[in-house]
Amino acid sequence: MTAQDVSSTRRNDTSTIAEAAGPPSPPAPPGPAPVLTSATREMAKATLVQLELPPPASGQVMIKSGFVRQLDLRPGEVDAVRGRLRAEGTAARAQGTVVPDSLLELLASFERPALLSPPPPPGDFADVSVAALHAFGQAVVDLRRQGAERLDEVRAEGVRAVPSAEVGQGRQALHSAVVAVKALEVNAAVTPIGMLNLERLEMAPAGIERGELIATIPLAPLEETAVTHKEWSVQSKEFTSIVTDSMENTSETGVTDNTELAQSTTSQAQHSNQFNITGTVSGGIPVISGSSSAGFTAQDSRSQSATTSTKHATALTKKASARAKQEHKVTISTKTVTGSEESTTRKLRNPSPTDPVRIDYFSMMRKWRVRLYRHGLRLTYDLVVPEPGASLRKAHKELEDLKSQIGPFQFNVPHYAVTERVLEGESQPHYRVLAERYGAVVPDFPVPPPDPYFNVTADNTDGARIFTPPALDIPKGYWIKNLNLWFASESRTGDFNYNLKVLGSELPEFNEAQGSHGPIDLTTEENGRFLLHATGPVAISFRLVNNRQTWIKVVATLEEAKGQQARTAWQAEVWNALRDAAQTQYYERQQEIATKIAALEEKLASVDTLTLRREESDEVMKCVLRFLLGPDFDFMPQEVIDAFTAAGVDLAHGIGFDGNGLGLSALQWATVRKHEELVRLINQAIEWENVVTFLYSYFWDVPPSWDFVRQIQHPDATRQAFLRAGSARVVLTVRQGWEERWLAFAEGGFKDSDPPVEPDPRYLTIAQEIAAYDSRNYPGIPPANPGRSAVRLEESVYTTAAVAVTPGRPVNIKVESSAGFLVGAHVVIDVADERRIQESQVIIAIPDSTHIVVGALGRPHDGTAAPFPILQPGTKGALIAEWNEYTPSSGVDIALTSNLGTVS
């Protein structure tokens, strides 16, 4: 019955114990566990062996020249440091850090004006003391720090205006010097060369074994119970399986079972890597272990590096296996049969009226054969670079700048800034400048109204009459401050006087034959404050008697009414208009910023993982080149850019050379190829696909950047660690066959000195030994490494010789067995130790089952005391360790009343 049949049919099966489990049968004798080699999983691994040698007295020219270039010396700094060092001469000599004048002259050629010509070659630093360079660098740091502090003091005291650009340049120069000195301290003190053992973990299924007891179902005589089926497979099983998947495994792949050892080991390695406080490892080889050595030694199974690698690999797979067991849970649920059944169940009944029985459920464990192979040895060159993710932080700096602009609206224009005056440097009233800045429509400045007046001639009057001229119109917001009266009049003919009285005022009545008066301020105290602060239409009436040719003029002097100040009201109106416009403008800008933030965050988060790793590898490569060749090294020299421009290349988009011809002259073509040899060396000498990077914490960066760097966030954990790294240790893996040339370049420069600078002899010897060892012991793709110890080698042929042989050609060697050896194949003879007698030769004949003939022998080999090995390498490498691991499976085994004394 299939699972589909069971799920589509709802019934209760009633079986006896004999029907359910059958009579117990004796277990079959265990046979050899089958190993599914066709289902082998592989994982790359490596063991880095750091060589502990004293720093060389000479060489390290790329480190030294890179340090000087990174200082970015400015004009006059060398002379300033010279004076400082002379002042501290006694103390410096006591500490043994004297900077000679010859070094100062060399350093002066790196100041910016001197760099208009080609700088001195790196080889000129071969014999320069690292201590002297460090003392000079520290003096530059102190000099620039004092300069930066002086600029801050000048700005704070207001002695002179210090441009922000000048302050920023000073701080950047100080930052460059601090980083350069720190890098010199690290790189010059550590032995740069080491060894990287290329290894491989192979995990193959090796059978299924009964695991621990999951649950038991005891049945008393004639008792009946039911086992609930909630999960079915192809075969009917009397249990419920509940599998709890790890969120970590689910996030990495949704189709990989978490009981898969290779997947679980990868997860464990990534988990351990993220919690590594000393540094996050990234690069082409996912699993790295470390060791150390005082010099070159054989890297067979007896070596310290092999022991360290084996311990690391076994601990890793055991943790992975334990996590897989913890994350895979199986439960068995049972219930007593009463009434109707709600789910598909199987009833079990003990038919015996006297004997109890017990049904035992066991987990089925998948057995894995784990093998650790070593298949190659590479020379490594070690250096530390500062701020590996500096270029990639630009987008996050832009994101931080955008987010810092998000906030509540603030309008920082005070009311008093709304003025009609034309400020210095402006060509129009300042309130109009503000209106243009915020895009506001504002009312014009209220010009004070002219003083209202009337100037009239009254009609002649015989007797008395009231004369009222046109009313004075006092504008809104203003009132009368002064009211001045002018008049002139005559009386009628005869013995008469004219009379003139301002009605409502306390001004005395005029009674005279003729006269001219004014100005008379009617608003004074003595005149009864007539119409003082009057506003609106103001009518003034006069009482005239016997007047002739009477002329009257009244002028009202105005001022802003209290509580009705027009200028203040105008300021408020303009300020409100400016604020409303600024708020509208602000919210529009906030929307634009929010859109930019969303787009930038999506851009950062939507990059696929492979592209992220490639970008990080490119940045590491760029940092290495910058450090080795200096910050002034141009990836594309200006003369090459000029040649591209002449050829019509679109420099902004990198489009060019798409026609039938290149468009370059012979001279321009030679210029383009000028750096070809250097580029070829750097790209071919290093296995960039196997470069290993140790990312160190943010606090190895300059302190001012700590707060920003440690808060950088990215959805990809590896990219986040890369961005937060304050510095990085980069282990360059030198390609096979390029060991000596790379050391000559890294330690002595690139064809820049005459005669060429030779690298440290100890380094060169180790490089030659590593290359020879790898060539002998790991031929093919990839081969194996023999050893005198009992190391089993996959797909290789191994024998020993118990005789003594001497150099010659050809040489017939008596061996224990020649079975499996092939004519024309390379064999490795003897072991690699301090005697340095191991060699690789070609089989030219196999006379019989106990002899092989090699083309030649270059060294004597004595197997009379202890037989020496002869190995025909295979393709998998040297098997240095083998062990078994177990992971759970979905299978369950059932036993009837098993012996609990033998159950785990």
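## Details of the overall build of the chain
- Each helix and strand in the chain was counted, giving 22 helices and 30 strands.
- Within the chain, buried positions represent 46% of all 904 residues.
- In the chain, once contacts between residues fewer than 6 apart in sequence are set aside, the share between residues at least 24 apart is 81%.
- Element-wise, carbon and sulfur atoms account for 53% of the exposed surface of the chain, whose accessible area totals about 45600 Å².

## Re the pattern of salt bridges
- Summed over all chains, the structure comprises 28 salt bridges.
- Shared partners join several salt bridges into a network, and the residues in it are Arg-613, Glu-615, Glu-616, Asp-716 and Arg-719.

## Regarding the packing of aromatic side chains
- Enumeration over the complete set of coordinates arrives at 12 aromatic pairs.
- Seen from their ring centres, Phe-487 and Phe-510 are 4.8 Å apart, and the 65 degrees between their planes marks the pair as edge-to-face. Here Phe-510 lies in strand β15 (residues 510–512) and Phe-487 lies in strand β13 (residues 478–491), a separation of 23 residues in the sequence.
- Note on Phe-487: relative accessible area 0%, which makes it buried.
- The residue whose ring lies beneath Arg-492 is Phe-496, and the NZ or CZ to ring-centre distance is 4.1 Å.
- Looking at Arg-729, its charged tip hangs above the ring of Phe-694, at a distance of 5.1 Å from the centre.

## Some words on the sheet that holds strand β11 (residues 464–467)
- Spatially, the 4 strands line up as an open sheet ordered β11-β18-β14-β15, and their pairing is antiparallel. Two strands in the sheet have a free side with no partner beyond their single neighbour: β11 and β15. Taking each pair of neighbouring strands and ignoring which way they run, the sheet shows an average axis angle of 15 degrees.
- Pairing of strand β14 (residues 498–502) with β15, which is carried by 3 bridges, proceeds in the antiparallel orientation. If you follow Leu-500 over to β15, its bridge partner there is Phe-510.

## Here's the deal with the nonpolar core
- Within the largest apolar cluster, 71 residues are counted, with the highest numbers of intra-cluster contacts made by Leu-107, Leu-133, Phe-136, Tyr-381, Leu-732 and Trp-742.
- Among the elements that line this core, the one with the most residues is helix α8 (residues 164–189), at 9 residues.
- In this structure Leu-107 touches Val-68, Leu-73, Val-78, Phe-125, Leu-133 and Phe-136, once residues within four positions along its chain are discounted.
- Of all hydrophobic cores here, the second largest spans 29 residues; its members include Phe-467, Ile-520, Leu-544 and Ile-552.

## Description of helix α6 (residues 101–108)
- Buried within α6 are the following residues: Leu-103, Leu-104, Leu-106 and Leu-107. Down the axis of α6, the sector holding all buried residues measures 160 degrees, keeping them to one side.

## Focus on the pairing of strand β3 (residues 193–219)
- One ladder, built from 10 bridges, connects strand β2 (residues 41–51) with β3; its direction is antiparallel. Paired with Val-49 across the two strands is Met-195, which belongs to β3.
- In this sheet, strand β9 (residues 357–386) lies alongside β3 in antiparallel orientation, the contact comprising 22 bridges. In the sheet register, Leu-198 faces β9, and the bridge partner there is Gly-376.

## So, the packing of helix α4 (residues 77–87) against helix α7 (residues 130–157)
- Contact geometry for α4 and α7: axes closest at 10 Å, N-to-C directions at 105 degrees. The angle between α4 and α7 falls in the class roughly perpendicular. Note on element contacts: α7 touches α4 through Phe-136, Ala-139, Val-140, Asp-142, Leu-143, Arg-144 and Gln-146, opposite Glu-77, Val-78, Ala-80, Val-81, Arg-84 and Leu-85.
- For the contact of α4 with α7, the residue count by class is 8 nonpolar, 1 polar and 4 charged.

## As for the pairing of β14
- Of all 5 residues in β14, 5 are buried, a share of seventy percent or more.
- Both faces of β14 are covered, namely the face carrying Tyr-498, Leu-500 and Val-502 and the face carrying Asn-499 and Lys-501.
- Bridge count between β14 and strand β18 (residues 542–545): 4 bridges; the pairing is antiparallel. Residue pairing for β18: Leu-500 is matched across the bridge by Leu-544.

## Description of the sheet that holds strand β16 (residues 514–521)
- Spatially, the 4 strands line up as an open sheet ordered β10-β19-β13-β16, and their pairing is antiparallel. Where the open sheet ends on each side, the last strands, each with one partner, are β10 (453–458) and β16. Between one strand and the next, the sheet's axes are offset by a mean angle of 10 degrees, whatever the strand orientation.
- Summarising the sheet, β13 and β16 pair through 6 bridges and their orientation is antiparallel. The residue bridging Ser-489 from the neighbouring strand is Gly-515, located in β16.

## Some details on the environment of Ala-725
- In this structure, Ala-725 sits in the loop between α20 (717–724) and β21 (727–733).
- A relative accessible area of 1% means that Ala-725 is categorised as buried.
- Residues Ala-725 and Arg-710, spaced 15 residues apart in sequence, show a C-alpha to C-alpha distance of 8.7 Å.

## A short note on helix α12 (residues 394–404)
- Those residues of α12 not exposed but buried are His-396, Leu-399 and Leu-402. Viewed along the axis of α12, the buried residues span an arc of 120 degrees, placing them on a single side of the element. Away from its buried face by more than 90 degrees, α12 exposes Lys-394 and Ser-404.
- Contacts from the buried residues of α12 go to α14 (566–605), α19 (706–709) and α20.

## Details of the confidence of the model for the chain
- On average, residues of the chain score 74 in pLDDT, and 69% of them reach the 70 mark or higher.
- Every residue in residues 1–26 scores below 50 in pLDDT, and together they form 43 contacts with partners more than four places removed in sequence or on other chains.
- Here residues 90–96 is a poorly scored stretch, pLDDT under 50, and it has 3 contacts once near neighbours within four places are set aside; other chains count.

## What to know about the environment of Pro-353
- Residue placement: Pro-353 occurs in the loop between β8 (345–349) and β9.
- A residue is classified by how much of its surface remains accessible, and Pro-353, at 60% relative accessible area, is exposed.
- Those residues within four positions of Pro-353 in sequence are excluded, and the remaining contacts are Pro-221 and Leu-222.

About the criteria used
- Think of each chain on its own: its residues are numbered from 1, step by step along the sequence as written.
- Per-residue local features of the predicted model are confined to residues with pLDDT of at least 70, and side-chain atom pairs are confined, for both listing and counting, to 80 or more; whole-chain, interface and lining totals are unaffected and use all residues.
- Excluding hydrogens and water, the side-chain figures rest on all heavy atoms present in the structure.
- Strands are runs of DSSP state E lasting at least 2 residues, helices are runs of H or I lasting at least 4, and numbering of each runs from the N terminus.
- For every residue, the accessible area (1.4 Å probe, protein chains only) is compared with the maximum for its type, and the residue is labelled buried under 20%, exposed over 50%, or partly exposed between those bounds.
- We call two residues contacting when some pair of their heavy atoms lies within 4.5 Å.
- Surface exposure here means Shrake-Rupley accessible area, sampled with a 1.4 Å probe, where a residue is shielded only by the protein chains that are shown.
- Whenever Lys or Arg places a side-chain nitrogen within 4 Å of a carboxyl oxygen from Asp or Glu, that contact is recorded as a salt bridge.
- Each Phe, Tyr or Trp ring, with Trp reduced to its six-membered ring, pairs with another whose centre is within 6.5 Å; inter-plane angles below 30 degrees give stacked pairs, above 60 give edge-to-face pairs, and intermediate values give tilted ones.
- By definition, being over a ring means that NZ of Lys or CZ of Arg is both within 6 Å of the ring centre and within 35 degrees of the ring normal.
- DSSP-based pairing: two strands are paired if at least 2 bridges between them are found.
- Orientation is described by axes fitted as lines to C-alpha atoms, over the contacting stretch for helices, and by angles from 0 to 180 degrees between their N-to-C directions.
- To define a nonpolar core, start from buried Ala, Val, Leu, Ile, Met, Phe, Trp, Tyr and Cys residues and group those joined through side-chain atoms within 4.5 Å.
- The arc in question is traced by the directions running from the helix axis to the C-beta atoms.
- Put simply, angles under 35 degrees are roughly parallel, angles over 145 are roughly antiparallel, angles from 65 to 115 are roughly perpendicular, and the rest are oblique.
- Here the nonpolar group is Ala, Val, Leu, Ile, Met, Phe, Trp, Tyr, Cys and Pro; Asp, Glu, Lys and Arg are the charged ones; every other residue, Gly included, is treated as polar.
- The predictor reports its confidence for every residue as pLDDT, a score running from 0 up to 100.

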